[in-house]
Amino acid sequence: MANDPIHQFQISKLIPLEVGGYDLSFTNASLFMVATVVVTSAFLYLTTSSRSLVPSRLQSVSEMSYEFVANMLRDAAGTAGMRFFPLVFSLFMFVLMANMLGMFPYFFTVTSQIIVTFALAVLVVGTVLVYGFYKHGFKFLKLFVPSGVPMAVLPMVVVIELISFLSRPISLSVRLFANMLAGHITLKVFAGFIVSLSSLGALGVAGAILPLIMTVAITGLEFLVSFLQAYVFAVLACMYLNDAVHPGH
Amino acid sequence: MPSGPEKSRDDLARRTQELEAKLAARNPVRKQDEPSADGGTAGYGQAMKLSSEFISAIAVGAGLGWLIDKVAGTSPWGLIIFLLLGFAAGVLNVLRSAGVVAQPKTGMGPDGPDR
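Residues numbered from 1 in each chain as written. Chains lettered and ligands numbered in written order. Predicted model: local features only at pLDDT ≥ 70, side-chain atom pairs only at ≥ 80, totals over all residues. Heavy atoms only, no water.

- By the naming in an unreviewed UniProt entry, chain B is ATP synthase protein I, taken from Aquamicrobium aerolatum DSM 21857.
- The UniProt entry for chain B carries this comment under Sequence similarities (unreviewed entry): "Belongs to the bacterial AtpI family."
- Under Function (unreviewed entry), UniProt gives the following word-for-word description of chain B: "A possible function for this protein is to guide the assembly of the membrane sector of the ATPase enzyme complex." (UniProt positions renumbered as here; feature names shortened; annotations may be inferred.)

- Going by the annotation in an unreviewed UniProt entry, the name recorded for chain A is ATP synthase subunit a, with Aquamicrobium aerolatum DSM 21857 given as the source organism.
- The record held by UniProt for chain A lists under Function (unreviewed entry) the comment "Key component of the proton channel; it plays a direct role in the translocation of protons across the membrane."
- Its UniProt record gives chain A a comment under Sequence similarities (unreviewed entry), which states: "Belongs to the ATPase A chain family."

Laid out in structure tokens, this is it:
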């Protein structure tokens, strides 16, 4: 168990629950999703509750994350896109906090489950579709019809654009999932090398220093990837939401 | 009566604009910082981004073709054609996210899709 790099991703039922033939058990994944939401909300609430004009350190962290996401959204989708701010901010904070919680030893990484990231990506693309059709009606379909294309190749171009659009939730979710999964497995494998090398005697202990250095370095890299992936997820969500606000002219 | 609050609001708007101008003068420094900080780690992120864009488009194309085959009973033609179209969409995705092809809304020119 100690050296199995996949063991950390196993889902275990904490509270078995079955409703109408569906397995709705409360698992360790659910627990950490709840923890992510609670920690994020509590942090944002507690740090901003004093509302001092000159922010304390923690309050300025909250304000910085607000401004970071607000600028990102405004750059990508313009002022009209700011109506999606609550969605994008929640997504960013959820993914960031889930990634960061996953960095604690023995904690479960929610974003290493593809169904979680896929649900988040479908939420974004679903919002784009619903809002786009609600706001622009059938003109929204112009998104798939670039202007100035000869009639002869138009059907093919439309199909290609359609596939390109449909691939968005998949690439969005696979990217986050694969990064977290690969990172955690790498970390575990290198940490496992330390244990198995150091059991080989004095020479092994001396050799175990190398994977130890790697593990420390990869841990640092993983923190970076955690933040970077949350950022990339939010940026791409902004870009896709931009399509909903301004589909092709 | 309305002139009082109006005036102070104008004043406020003017001061806000001045502040924004000042902040904008300061901002470029920070803006230039961001890409360079990104650039250090960007190689890995970029590779991940491009490959996932490419592969997901092929997967969606193949899936769509398989579904059409299943519904219309045209096996294997739907799969073959949509796999190829998915490949084209993957190339389009990659070129688009690499910034070689403009996003459809900004560059809807005739050179958009065929380059």
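From this point, things continue past the structure.
Here we look at the overall build of chain A
- What chain A contains, in helices and strands, is seven helices and four strands.
- Helices and strands appear in chain A in the N-to-C order β-β-β-β-α-α-α-α-α-α-α.
- Evaluated residue by residue, chain A yields a buried proportion of 43% over its 249 residues.
- When the accessible area of chain A is evaluated, it comes to approximately 13200 Å², of which 75% is carbon and sulfur surface. (Helix = DSSP H or I, 4+ residues; strand = E, 2+ residues; numbered from the N terminus. Buried < 20%, exposed > 50% of the residue type's maximum accessible area, 1.4 Å probe, protein only. Areas by Shrake-Rupley, 256 points an atom, 1.4 Å probe, with all protein chains shown as cover.)

Comments concerning the overall build of chain B
- Of regular secondary structure, chain B possesses two helices and zero strands.
- The long-range fraction of contacts in chain B, counting pairs at least 24 apart against all pairs at least 6 apart in sequence, stands at 43%.
- When the accessible surface of chain B is split by element, carbon and sulfur atoms take 65% of a total near 8000 Å². (Contact = heavy atoms within 4.5 Å.)

Some words on helix α4 (residues 114–136) of chain A
Residue and element names in this part refer to chain A.
- For α4, with 23 residues, the first-to-last C-alpha span of 32 Å sits near the 33 Å given by 1.5 Å per residue.
- Where α4 is concerned, the buried positions are Val-116, Thr-117, Leu-120, Ala-121, Val-124, Val-125, Val-128, Tyr-131 and Gly-132.
- Each element contacted by the buried residues of α4 is listed here: α1 (28–48), α3 (85–102), α5 (154–198) and α7 (209–245).
- Phi turns positive one or two residues past the end of α4, at Gly-137, with a value near 60°. (Expected span 1.5 Å × (residues − 1).)

Digging into a nonpolar patch on the surface
- A cluster of nonpolar residues, A:Leu129, A:Val130, A:Phe133, A:Phe138 and A:Leu141, forms a patch on the protein surface that exposes about 490 Å² of accessible area.
- As for its placement among the helices and strands, A:Phe138 is situated in the loop between α4 and α5. (Patch = residues over 30% accessible without salt bridge, like charges linked within 9 Å, V, L, I, M, F, W, Y side chains within 5 Å. Salt bridge = Lys/Arg side-chain N within 4 Å of Asp/Glu carboxyl O.)

As for the nonpolar core
- The biggest cluster of nonpolar side chains holds 40 residues, and the ones touching the most others in it are A:Leu73, A:Phe85, A:Val88, A:Phe92, A:Val128 and A:Phe233.
- Elements with a minimum of two residues in this core: α2 (57–77), α3, α4, α5 and α7 of chain A.
- When residues of this core are assigned to their parent elements, the largest contribution, 10 residues, is made by α7(A).
- A:Phe92 has contacts with A:Phe68, A:Val69, A:Phe227, A:Ala230, A:Tyr231 and A:Ala234, leaving out every residue within four places of it along the chain.
- Among the nonpolar cores identified, the runner-up in size contains eight residues, and A:Ile160, A:Ile163, B:Val60 and B:Leu85 belong to it. (Core = buried A, V, L, I, M, F, W, Y, C linked by side-chain atoms within 4.5 Å.)

Thoughts on the packing of α4(A) against α7(A)
Residues and elements named next belong to chain A.
- Following both chains from N to C, one finds α4 and α7 inclined at 15°, their axes separated by 8 Å at the closest point. By the angle between their axes, α4 is roughly parallel relative to α7. Here the hand of the crossing between α4 and α7 comes out right-handed. For the pair α4 and α7, contact is made by Leu-120, Ala-121, Val-124, Thr-127, Val-128, Tyr-131, Gly-132 and His-136 and by Phe-233, Ala-237, Tyr-240, Leu-241, Ala-244 and Val-245, respectively.
- Looking at the contact of α4 with α7 residue by residue, the classes come out as 11 nonpolar, three polar and no charged. (Axes fitted to C-alpha atoms, helices over the stretch in contact; angles between N-to-C directions. Parallel < 35°, antiparallel > 145°, perpendicular 65-115°, else oblique. Left-handed = near helix turned anticlockwise from the far one by under 90°. Nonpolar A, V, L, I, M, F, W, Y, C, P; charged D, E, K, R; others polar.)

Considering α3(A)
- With 18 residues, α3(A) extends 25 Å from end C-alpha to end C-alpha; this agrees with the ideal 26 Å at 1.5 Å per step.
- In terms of burial, α3(A) is a largely internal element, 14 of the 18 residues being buried.

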